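Understanding the architecture of this molecule
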Amino acid sequence: MNPLTNLIHGLKSLFAKRRTDRELDEELQSYLEASVADKQRSGLSRHAARYAAKVEIGSAGSVKHQVWSSRWESTLDSLFQDLRLSIRSLAKSPGFTLVALLSLALGIGANTAIFTLIHQVLLRNLPVQHPEQIVNFGNGYSSGVAGGIDLGDFGMFPNYFARQLEADPGPFQGIASYGSFSDKVSLRLPPSDSTPNAPAILVPATLVSGNYFRVLGAEPMIGRALTPADDNTPGASPVIVISHHFWRQSLSADPAVLGKTLSINGTAFSIVGVMPPAFFGLKQELEPVDLWAPVSMQAQVLKQPSFLNRDGPYFLHIFGRVSAQAASNPSIAAQSQNWLDQQIRNGIRANEGTVIAPAREQEILRHTVQIELAVHGVSTLRRQFGGPLMTLMVVVALVLLIACANLANFLLARAASRQREIATRLALGSSRGRIVRQSLVETLLLSLAGGATGLVLAFAATRALIAFVSQGAAFVAIDPSPDLTVLAFTLGVSLLTAFLFGIAPAFAVARTGAAFSLSSNARTAQGAGGRSARFWPRALVTAQVMLSLVLLVGSGLFLRTLNNLENQDYGFERSNLLLAEINAKLAGYKPSQAPALHQAIIERLSALPGVRSVALSLTPPISGGNWTSSFKPQGYTPAPKENMVAVLNRVSGQYFETAGIRIIAGRAINPDDSLTSIKVAVINETLARHFYPHGDAVGRTLSIDTSSVAGPWRIVGITRDTRSGDPRQTNTDRMIYMPLAQMPAFEPVDPDHPLPAGAAPEENQNRFISTVLVRTTGDPAKAAAGLRTVIAQIDPNLPVLKVQTIHDAIDSFMTRDTLVSRLTGIFSLLALVLAAIGLYGVMSYSVVRRTSEIGIRLALGAQTGTVLWMVLRESLVLLAVGVGLGLPLALASTQVIRGQLYGLSPLDPITFAAAIAIVAAMTLIAAWLPARLASKVDPMVALRCD
């Protein structure tokens, strides 16, 4: 019989078992009649022949069982029988089943939710052709516009150098570039019947080279990608490619979208292509890009002067595609690295002039830009949340282990209570293998049901986590729906879980002795002192205590880290301060119009009820991105390679009063500091202490190595140090504050490159601000609506990008720490509850098993306190062993998370003491209830238990 016929025949037999049984009866009867006839021919009477034939055949049921067992479908049939028996068994114990399912659902669901984020953020490949061949030049995480640095510093490059590499990619299959940041642009949709005058919306856009999509290997879903021809001439190719999300969300998935125009910052751009749903570019940011425009359209998209000339700033990242051989062969990849380093060094030399000092030449020879694999893209989310997600994955894995230990304990207790049933089955001829298999089927059924429930919980939890991570962004490119990878992970975790909590109880069941278990004193004997029966439950409870201690120590350290970050001295007053982000350039304002706009904003907002003061600045007191430049203090000679960089901020009068930054020497910037008065600046303590150690900073001057604000600037005041960036930063930035009103009206003219005859000088973009600060007398959040109303009254087209309190702004820096601390705290409490349930269950079961012993002790005069202590002592021993094993593991674990802590040691004694106290309290509470129950046993009732 061929395999297919055998399969079909077996399935028919399996699903038509009555007919198969009838056919076997008919075959046996036919064989019996043939045997009887044969024996009659040999001389036996019919009665004797029938008797002899039946003796020869034996039991008909046994023969049928042997025939059925020899067929492959019998194995499947027995599995179905085990499954039905498991369902009936679990249905008879609804309390146990509910606790088991809930424990598994929470454990597996937590693992699935965290893995979903890990898969989306860390493991998902770029949706392009051969993503393993994509490499980035540098890590690509820096963003912004830089100048005065060597090629490749911060992974950023100027336009001219990117064009050189694009034209001659050397060993690379192609080299392309993209903007280091994705600015939001003011966009007006095409007019329609329903919205003939659609309001402007803000959409994230990025600049890319004409060969960007080709080098990436990304094909548009509709239309075409950008080409090198689109990127040849500055300002000549206003074309864009849009994302699938933008096409559906803002253009209603218009099939005739190609060729339609969008007004971007006042310039009409024609749509030439729509990308597939999964594509969001090489650099994957929190709020994904919706528009891709040619680098040649930089001035129109960024509303900035041209960056494209030879001496333009560094604002591009560069990436390439290596050959298949280089992607798999490290020696060939090293050749690509050497080629790139040579190009970088040649480019630096070209910028040095004709004579290069030997020391500088040696420095250039050491300069390198590391080629980074970009198979998963360049993800800011991965950089921010990669480490915390891996930490959380370990945490939820420990929670699942605790849940498995719990269920293993319950199943061991359940197995002990079913000893008579198992012994009866063994006595009736059932094999131990069949009993083990039936037990494993039961645990597998529980685990798969828990996994399915956990998948539902994980979907909801993942959505909540994404909402937290998104920080209020309208759209993030993270899909909470489980894909095949996530489903496979959940199935794998469910199977592993079934093995972890099911294997020990299954073999414990199989070791049941038939004769011993059926004897009348079996329960009493085992309950009184079977060491093997008591070892595994105690070992599992000890493991739960140990893992709970590790989790509590970790969560305690993370919670204290978050507390330290939130409550440190930021150097400015954090109460009653509202921040608003605006961008006048998106509304079409020119630098010459900025002063009047700024004055109107200050006057109108100051008139609002509850507003104490208003100020404007480039950046708020604490910001994720800052304006930096090197500077030269008067009379100071820097040491070789000394860091001479400071953070710059242009501010209006009353800035320090509004921001709550105290002036410790001299005076603040005030409204009298105008364009016609002497240029003044305020510095912070760190800068003053380093460059003016004798306390004579006030009255001295400094110049800035940025032509538009070169100065010189006279120092008129010194402020307290403030946290200008990352709250974890240990070194305070040097700060230079300059009056907004003293920003020059025009960019200075380079004497070596005079303006053509009749050409007007370029207006200074530094006259714009982006932050409005409002100090209120009450809750600042209540002033947000009034602020938006005033801005709209001044100019309805002036976009307010964000309004938040200073507390919200600071919290945004601690999203990672908040996520880790809150989730580890929640998971630690969950683990603690599971461990308490496990300990309670073990001690309760121990009390029940020892009811006769306890009754005898009480009957012989034992005191209630003695019995209480007898039960509690066992729990305290388990606690001591668990803490003794858990402390070294916790000490080792804290070293792994050392880099995620702030302001405390990984061996923080307060955290360890609190964790031990919580575990001890949990143990005593969970053990006291069964102990109290044991102390109230009625001796007469206990002695009648058996």
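Just so it is clear, the structure is predicted and the values come from calculations on it, not from any experiment.

Looking now at the nonpolar core. If you look at the biggest cluster of nonpolar residues, it comprises 85 residues, and the most contacted ones within it are Ile114, Phe501 and Val919. Those elements giving two or more residues to this core turn out to be α6 (94-123), α14 (380-417), α16 (432-470), α17 (484-510), α20 (531-567), α26 (815-849), α28 (864-896) and α29 (909-935). Counting residues per element, this core draws most heavily on α14, which supplies 19 residues. Among all residues touching Phe501, those that are not within four sequence positions of it are Leu104, Cys404, Leu407, Ala408, Leu411, Thr443, Leu446 and Ser447.

This paragraph deals with a nonpolar patch on the surface. Nonpolar side chains collect at one region of the surface, where Leu401, Leu496, Phe499 and Leu500 lie side by side and expose about 370 Å² of accessible area between them. With three residues, the top contributor of residues to the nonpolar patch is α17. Along the polypeptide, Leu500 turns up in helix α17. Judged by relative accessible area, which is 39%, Leu500 ranks as partly exposed.

On to helix α12 (residues 330-352), then. End to end, α12 covers 33 Å across 23 residues, agreeing with the expected 33 Å (1.5 Å per residue, within 8%). Looking at α12, one finds that the buried residues are Ser336, Gln337, Trp339, Leu340, Asp341, Ile344, Arg345, Gly347, Ile348 and Arg349. Tucked into the core, α12 has its buried residues touching β1 (134-137), α7 (159-167), β2 (174-179), α11 (324-328), α13 (358-365) and β12 (371-373). A positive phi of about 95 degrees marks Gly353, the residue just after α12.

Let's shift gears to the environment of Gln384. Inspection of the secondary structure puts Gln384 in helix α14. Taking the C-alpha atoms as reference points, Gln384 and Thr815, separated by 431 residues in sequence, lie 9.1 Å from one another. Contact partners of Gln384, with chain neighbours within four places excluded, come to Gln471, Thr815 and Arg816.

In this section: the environment of Gly281. If you trace the backbone, Gly281 turns up in the loop between β8 (267-274) and β9 (283-284). A relative accessible area of 5% places Gly281 in the buried class. Taking the C-alpha atoms as reference, Gly281 lies 9.0 Å from Ala218; in sequence the two are 63 residues apart. Filtering out sequence-adjacent residues up to four positions away, Gly281 remains in contact with Leu126, Tyr212 and Trp292.

With that settled, the discussion passes to the pattern of salt bridges. Where side chains of opposite charge bring their charged atoms close, a pairing between them can arise. According to the stated counting rule, one finds 18 salt bridges in the structure shown. The shortest N-O distance in the salt bridge between Asp569 and Arg720 comes to 2.4 Å. Of this pair, Asp569 sits in the loop between α20 and β14 (577-582) while Arg720 is found in the loop between β21 (713-719) and β22 (735-739), placing the two residues 151 residues apart along the sequence. The class for Arg720 is partly exposed, based on a relative accessible area of 23%. Through salt bridges with shared partners, one network takes in Asp150, Glu352, Arg360 and Glu363.

A separate point is helix α21 (residues 594-606). Look at α21: 18 Å from first C-alpha to last across 13 residues, which is about the 18 Å you get at 1.5 Å a residue. Listed in full, the buried residues belonging to α21 are Ala594, Leu597, His598, Ile601, Ile602 and Leu605. Down the axis, α21 shows its buried residues gathered within 130 degrees of arc, on one side only. Buried-residue contacts for α21 involve β14, β15 (611-617), β23 (771-776) and α24 (784-794).

Scored by pLDDT, the protein chain has a mean of 85; 87% of the residues are at 70 or more. Across residues 520-529, where pLDDT falls below 50, the model places 17 contacts with residues more than four positions away in sequence or in other chains.

A few words on unusual backbone geometry. At the junction of Gly711 and Pro712, the peptide bond is cis and its omega measures out at 10 degrees in the coordinates. Inspection of the secondary structure assignment puts Pro712 in the loop between β20 (701-704) and β21. A positive phi angle, close to 50 degrees, is found at Asn265, a residue other than glycine. Of note, Asn265 is situated in the loop between β7 (261-264) and β8. Judged by its relative accessible area of 8%, Asn265 falls in the buried class. With phi around 55 degrees, Lys303 is a residue other than glycine that occupies positive phi space. Position of Lys303 relative to the elements: it lies in the loop between α10 (298-302) and β11 (316-321).

About the cut-offs
- Residues numbered from 1 in each chain as written.
- Predicted model: local features only at pLDDT ≥ 70, side-chain atom pairs only at ≥ 80, totals over all residues.
- Heavy atoms only, no water.
- Core = buried A, V, L, I, M, F, W, Y, C linked by side-chain atoms within 4.5 Å.
- Buried < 20%, exposed > 50% of the residue type's maximum accessible area, 1.4 Å probe, protein only.
- Helix = DSSP H or I, 4+ residues; strand = E, 2+ residues; numbered from the N terminus.
- Contact = heavy atoms within 4.5 Å.
- Patch = residues over 30% accessible without salt bridge, like charges linked within 9 Å, V, L, I, M, F, W, Y side chains within 5 Å.
- Areas by Shrake-Rupley, 256 points an atom, 1.4 Å probe, with all protein chains shown as cover.
- Salt bridge = Lys/Arg side-chain N within 4 Å of Asp/Glu carboxyl O.
- Expected span 1.5 Å × (residues − 1).
- Arc of directions from axis to C-beta.
- pLDDT = per-residue confidence, 0-100.

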